[in-house]
Amino acid sequence: MTSTKVLPYSEAAVAEAARLILAGEPVAVATETVYGLAADATNAAAVARIYQAKGRPEFNPLIVHVPDLAAAERIGVFDDRARALAAAHWPGPLTLVLPLRERSGIAAIVTAGLPTIGLRVPAHPAMQALLRAVGRPLAAPSANASGSISPSRAEHVLKSLGGQIPLILDSGPTPQGLESTIVAPGPGGLRLLRLGPVPVDAGLEERERIEAPGQLARHYAPSKPLRLDAIDAAPDEYWIGFGGMIGEVSLSPSGDLAEAAARLFDLLHQAEASAKPRIAVAPVPDQGLGAAINDRLRRAAAR
Ligand code: TXA
Ligand code: MG
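The present account deals with the structure reproduced in this document. Predicted, not measured: the structure shown is a model, and the values here were computed from it. Per chain, residue numbering runs from 1 following the sequence as it is written. Each chain takes a letter, starting from A, and each ligand takes a number, starting from 1, following the order in which they are written. Given that the model is predicted, a residue must reach a pLDDT of at least 70 before its local features are reported, and side-chain atom pairs must reach 80 or more before they are shown or counted; all residues, however, enter totals for whole chains, interfaces and linings. Only hydrogens and water are set aside when side-chain values are computed; all heavy atoms of the structure are taken into account.

Here we come to helix H1 (residues 11-22). Compared with the 16 Å implied by 1.5 Å per residue over 12 residues, the 17 Å span of H1 between its first and last C-alpha is a close match. Exposure classes here rest on a 1.4 Å probe applied to the protein chains alone. A residue is buried below 20% of its type maximum, exposed above 50%, and partly exposed in between. For the purposes of this entry, the term helix denotes a DSSP run of H or I that reaches at least four residues, the term strand denotes a run of E that reaches at least two, and both are numbered from the N terminus. The set of residues buried in H1 consists of Ala13, Val14, Ala17, Ala18, Leu20 and Ile21. Take H1 and look down its axis: the buried residues cluster within an arc of 160°, on one side only. In this structure, H1 carries Glu11 and Ala12 as exposed residues pointing more than 90 degrees from its buried face. Along its buried surface, H1 packs onto strand S1 (5-8), strand S2 (27-30), strand S3 (35-40), helix H6 (125-134), strand S7 (138-139) and strand S8 (167-170). Just past H1, the residue glycine 24 takes up positive phi, approximately 90°. Each residue after the first adds 1.5 Å to the expected span of a helix. Working definition: the arc comes from the directions between the helix axis and the C-beta atoms, pointing outward to the latter. Contacts are assigned to residue pairs that have any heavy atoms within 4.5 Å of one another.

In this section: the pairing of strand S12 (residues 237-241). Most of S12 sits out of view: 5 of its 5 residues are buried. Both faces of S12 are covered, namely the face carrying Glu237, Trp239 and Gly241 and the face carrying Tyr238 and Ile240. Both S12 and strand S14 (residues 278-281) contribute to a ladder of 4 bridges, which runs parallel. Within S14, the position partnered with tryptophan 239 by the bridge is alanine 280. Sheet topology note: the S12/strand S13 (residues 249-250) ladder contains 2 bridges and is parallel. Residue pairing in the sheet places isoleucine 240 in a bridge with valine 249 of S13. Any two strands with at least two DSSP bridges between them are considered paired.

Take it as geometry only, folks, not as evidence of what the structure does.
Below, the structure written as structure tokens:
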């Protein structure tokens, strides 16, 4: 057991986090999507500490975060299409899966031996400041114990990984709340590996989720049964509403999908902590961000 410090985001806290990371420790930090558990991507032992802290049963490839496109180009091989996607969406919640450059310096444990790498330039000031303070690429999966709900607040990280990691940089709730969109641009077109905050033109997509090994059906799972498309709720169900369906709490009373995405994991954490043994969620329209929200909800409901 380690004692876990929670420090509000500040210059001094970032310096402390950078010091820990350069010493081979993983640190939790906010991104615009969810909190990540970041470690030096060039240090295999440090990355192994991520798996250890999360209790991941097997090595899934991790997303590597870099401060800008130039840093990304030193690690992945970009073609014109990849560069155009990066120009349009970085910094932001888009992960590009690209061929891994030789002598990139990235530890093999990060890609789980794959010849490709997931790269992302995050927009959040906390992760940006940490990247610049460390001066190395940071591997960072979501900062939760394997198989449980992703963290959109420092409290969620503490509940899930307290005692396993030395430091959480607390920047308050994350603005987007859903993990990044993952795409693999390739000669055969653009493959969408995970739905997320960046809408990907439906005409371009061909889903082969299985290629993102972390995308097992049951992944974002609360510890209680969850019922979807609930237009009412039984007395023993914690009802999460949306729009006109009020519920005990609501993803967004006004039916705003961006608000719903930002609140989703927080409300799932609340439902999990409630006294009710089951969870019901009101229908969410399947358009735009709603498709990404429903993707997470279906995974949470699968068992
Ligand atoms: O928003 C996010 O992406 C957050 C923040 C912290 O950046 N990170 C995140 O990481 O969600 P994680 O580890 O929970 O999910 C990473 C996903 C997994 O499904 C993994 O299999 C996939 O990315 N992935 C990573 N590298 C890959 C690769 N080379 N090929 C295919 N899938 C890859
Ligand atoms: Mg995750």
